[in-house]
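In case you want the letters, here they are:
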Amino acid sequence: MPKVTVDMSIEDIAESISRLSSEERETLLLLLSPKGEELKTRKEEIESGKITTLSHEEMFDASTSLSSQSKKRFKAFRTTTFE
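Here the structure is a predicted model, which is why all the values come from computation and not from measurement.

Caption draft 1: Summary view of the overall build of the chain. A count of helical and extended segments in the chain gives 5 helices and 0 strands. Seen in sequence order, the chain has helices and strands lined up from the N terminus as α-α-α-α-α. Put simply, the chain has 83 residues, and 8% of those count as buried. Across the chain, contacts joining residues at least 24 apart in sequence account for 14% of those joining residues at least 6 apart. For the chain, the exposed surface amounts to about 7400 Å²; the carbon and sulfur share of it is 57%.

Caption draft 2: Quick peek at a nonpolar patch on the surface. On the surface, a cluster of nonpolar side chains totalling about 580 Å² of accessible area is made up of V4, V6, M8, I10, I13 and I17. Here I10 lies in helix α1 (residues 10–18).

Caption draft 3: Structural context of the packing of helix α2 (residues 22–32) against helix α3 (residues 36–48). Across the interface, α2 lies against α3 with an axial gap of 7 Å and an inter-helix angle of 140°. Taken as axis vectors, α2 and α3 run oblique relative to one another. Mapping the contact onto sequence places E23, E26, T27, L30 and L31 in α2 and G36, E37, L39, K40 and K43 in α3. Its residues assigned to classes, the contact of α2 with α3 comprises 3 nonpolar, 2 polar and 5 charged.

Caption draft 4: A look at α3. End to end, α3 covers 18 Å across 13 residues, agreeing with the expected 18 Å (1.5 Å per residue, within 8%). At the exit of α3 stands G49, carrying a positive phi of roughly 85°.

Conventions adopted
- Residues numbered from 1 in each chain as written.
- Predicted model: local features only at pLDDT ≥ 70, side-chain atom pairs only at ≥ 80, totals over all residues.
- Heavy atoms only, no water.
- Helix = DSSP H or I, 4+ residues; strand = E, 2+ residues; numbered from the N terminus.
- Buried < 20%, exposed > 50% of the residue type's maximum accessible area, 1.4 Å probe, protein only.
- Contact = heavy atoms within 4.5 Å.
- Areas by Shrake-Rupley, 256 points an atom, 1.4 Å probe, with all protein chains shown as cover.
- Patch = residues over 30% accessible without salt bridge, like charges linked within 9 Å, V, L, I, M, F, W, Y side chains within 5 Å.
- Salt bridge = Lys/Arg side-chain N within 4 Å of Asp/Glu carboxyl O.
- Axes fitted to C-alpha atoms, helices over the stretch in contact; angles between N-to-C directions.
- Parallel < 35°, antiparallel > 145°, perpendicular 65-115°, else oblique.
- Nonpolar A, V, L, I, M, F, W, Y, C, P; charged D, E, K, R; others polar.
- Expected span 1.5 Å × (residues − 1).

The following block contains the structure:
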């Protein structure tokens, strides 16, 4: 990918960030975090419907046995590390 170098002051960068929408700020935060690329990919998969998240009941109700689909989603969630 081609690269472009821009000479900007910190104030100009801060002003540009302040004009971002909340969704753009969230994406920026994801990209700046150590696990950002993985989190961004997971967010896109959820938004596209490629995967679904566990419901509150599936996460916290230990008395309910999980369906096979829920077990797969739980396993994917369980392997994610949060810092």
